[in-house]
Amino acid sequence: MLVLVAPGQGAQTPGFLTEWLDLPGAADRVAAWSHAIGLDLAHYGTEADADAIRDTAVAQPLLVAAGLLSVSALGAGADDAASAVARIAPGAVAGHSVGEFTAAAFAGVLDDTAALSLVRKRGLAMADAAAITETGMAALLGGDPDVTVAHLEKLGLTPANINGAGQIVAAGTEKQLAALEADKPEGVRRVVALKVAGAFHTHHMGPAVDTLAKAAEDLTPGDPKVTYVSNKDGATVATGAGVLERLVGQVANPVRWDLCMERFKELGVTALIEVCPGGTLTGLAKRALPGVTTLALKTPADLDAARELVAEHA
């Protein structure tokens, strides 16, 4: 059983879309998306530097566009992500943080342009919310989850991402993160600052939830055409309205990727493909899902190997 997953913010690197835009039809598709959302995705995916694509309002639609483009290539040049995923025939789809918007397009809940338009509004709203207070996020590697969570709460931090495989992401003010650096939880090996602009998936993002909820009122979501696993709690969601409600709320809710991977186990996963810019979620899966074959779609050079996995496991 194959699972398709989409990464979240922080996975982007300068120039990561360059080779994908050389594929037939890719540049035209990205140009159309750019026009629809008022953001030059090709520029940010090929020429912009690390600081420019760290901007929340840029990074989020850029990541979703990369996921849609790479899955369409994997699905033999399908016209949209949902059609490509239907050809690939995975057993389930899921996304980490903003990657849930990519997964929603995979499942046919939103079409490609609607997903990008909504995520553009999400990125702008989250950037505005992040500007209110100086906040950030940091990954903690190692340690006991219960001990770590209790320590974070003592410091006033939120365990914003519980990723499994010995990784928890803390979020809060810069002062709270500095206190964490000076006072790590017992057993934690490293604290690594993340390339994000605010304390996502915490109460600091409350204003963005309100903005996104209003934007979502104009959408008519379709029910998922493939099993959709929510990063709120690892549950499978059967209705488009349910998926959309969770997409809105997860802006201020912790991401439970550990529970998503537990759900993959229950579903009988044998292979996992992470769409562009892959690497983060396959790394977690290698540690938390032993025996599961993983592949990260980083460049078009990875497509042949990914198609072999699809043929064996989908």
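Fair warning: this is a prediction, and the values are worked out from it, not measured in the lab.

**Focus: the overall build of the protein**
On a plain count of helices and strands, the protein comes out with 14 helices and nine strands. Radius of gyration (C-alpha) of the protein: 18 Å, near the 20 Å computed for a compact globule of 314 residues. Taking the principal axes of its C-alpha atoms as reference, the protein extends roughly 50 × 45 × 35 Å. Looking at the 314 residues of the protein, the share that counts as buried comes to 57%. By sequence separation, contacts in the protein at least 24 residues apart represent 72% of the contacts at least 6 residues apart. A distance of 4 Å separates the average location of the 23 positive side-chain charges in the protein from that of its 36 negative side-chain charges.

**Some thoughts on the pattern of salt bridges**
A side chain with one charge can pair with a side chain of the opposite charge if their charged atoms come near. Scanning the entire structure with this criterion turns up five salt bridges. Here R256 and D258 are joined by a salt bridge, their closest N and O atoms 2.7 Å apart. Take R256: its relative accessible area is 25%, and that puts it in the partly exposed class. D304 is the partner of R307 in a salt bridge, and the nearest nitrogen-oxygen pair spans 3.5 Å. In this pair, R307 and D304 are both assigned in helix α14 (residues 303–313), three residues apart and thus about one turn of the helix distant. Exposure remark for D304: the relative accessible area of 54% places this residue in the exposed category.

**A closer look at the sheet that holds strand β2 (residues 92–95)**
Pairing is parallel in the open sheet, where five strands are placed in the order β7-β2-β1-β8-β9. Taken across any chain shown, the strands that pair with only one partner, and hence form the sheet edges, are β7 (227–229) and β9 (293–296). Adjacent strand axes in the sheet meet at a mean angle of 20° when their direction is disregarded. Looking at chain direction, strand β8 (residues 271–274) and β9 are connected through four bridges and run parallel. Bridge pairing in β9 places A271 opposite T293.

**As for the sheet that holds strand β4 (residues 158–164)**
The sheet built from four strands is open, its strands ordered β4-β5-β3-β6 with antiparallel pairing. Strand pairing shows two members of the sheet lacking a second neighbour, β4 and β6 (188–193), which therefore form its edges. Averaged over all pairs of adjacent strands, the angle between their axes in this sheet comes to 25°, without regard to strand direction. With seven bridges connecting them, strand β3 (residues 135–142) and strand β5 (residues 167–173) associate as antiparallel partners.

**Structural notes on the nonpolar core**
In this structure, V71, L74, V93, Y228 and I273 are the most contacted members of the largest nonpolar core, which totals 83 residues. Residue contributions to this core peak at 11 residues, all from helix α4 (residues 56–74). If sequence neighbours within four positions are ignored, I273 has contacts with L2, V3, L4, V5, L74, L295, L297, A306, L309 and V310. Counting residues in hydrophobic clusters, the runner-up holds 18 residues, among them V3, W257, F264 and L289.

**Considering empty space enclosed by the protein**
To find leftover empty space, one rolls a probe the size of a water molecule over the atoms. By the definition in use, this model includes one cavity of 30 Å³ or more. What the largest cavity holds in volume is close to 30 Å³. Taken together, A6, P7, L63, V64, G67, V98, G99, T102, C276 and P277 make up the full set of residues lining the largest cavity. Broken down by secondary-structure element, the contributors of at least two residues to the lining of the largest cavity are α4 and α6 (99–106). Looking at the lining of the largest cavity, the element that brings in the most residues is α4, giving three residues.

**A closer look at the packing of aromatic side chains**
Applying the stated criterion across every chain, the model contains one aromatic pair. Between the aromatic rings of W257 and F264, the centroid separation amounts to 5.9 Å while the plane-to-plane angle is 80°, which identifies the pairing as edge-to-face. Pair check on accessibility: W257 and F264 agree, each one buried.

Quick notes on the rules
- Sequence order as written defines residue numbering, which begins from 1 separately in each chain.
- For this predicted model, a pLDDT threshold of at least 70 governs which residues receive local features, and a threshold of 80 or more governs which side-chain atom pairs are given and counted, while totals over whole chains, interfaces and linings are taken from all residues.
- Computation of side-chain values covers all heavy atoms of the structure but excludes hydrogens and water.
- Only DSSP runs of H or I covering at least 4 residues are called helices, and only runs of E covering at least 2 are called strands; the numbering of each starts at the N terminus.
- When we talk radius of gyration, it's over C-alpha atoms, and the globule rule is simply 2.2 Å times the number of residues to the 0.38.
- Burial status follows relative accessibility: with a 1.4 Å probe on protein chains alone, a residue under 20% of its type maximum counts as buried, one over 50% as exposed, and anything between as partly exposed.
- Contacts between residues were defined by any pair of non-hydrogen atoms, one from each residue, lying within 4.5 Å.
- When charges are tallied, Lys and Arg are placed among the positive residues and Asp and Glu among the negative ones, while His and the ends of the chain are skipped.
- Where a charge sits is defined by one atom per residue type, namely NZ (Lys), CZ (Arg), CG (Asp) or CD (Glu).
- A pairing counts as a salt bridge when a side-chain nitrogen of Lys or Arg comes within 4 Å of a carboxyl oxygen of Asp or Glu.
- For two strands to count as paired, DSSP must find a minimum of two bridges between them.
- Angles here are taken between N-to-C directions and fall from 0 to 180 degrees, while the axes themselves are lines fitted to C-alpha atoms, restricted in helices to the stretch in contact.
- Nonpolar core, defined: a set of buried Ala, Val, Leu, Ile, Met, Phe, Trp, Tyr and Cys residues in which side-chain atoms within 4.5 Å join the residues together.
- Put plainly, a pocket is an open set of points on a 1 Å grid over the protein atoms alone with protein on both sides within 12 Å along at least five of seven lines, a cavity is a set where a 1.4 Å probe fits but cannot get out, and a lining residue has an atom within 4 Å of a point.
- Grid points are joined across faces, edges and corners, and a volume is the space filled by probe spheres set on the points.
- Note on ring pairs: Phe, Tyr and Trp rings are taken, using the six-membered ring of Trp, and paired if centres are within 6.5 Å. Classes follow the plane angle, with under 30 degrees stacked, over 60 edge-to-face and the rest tilted.

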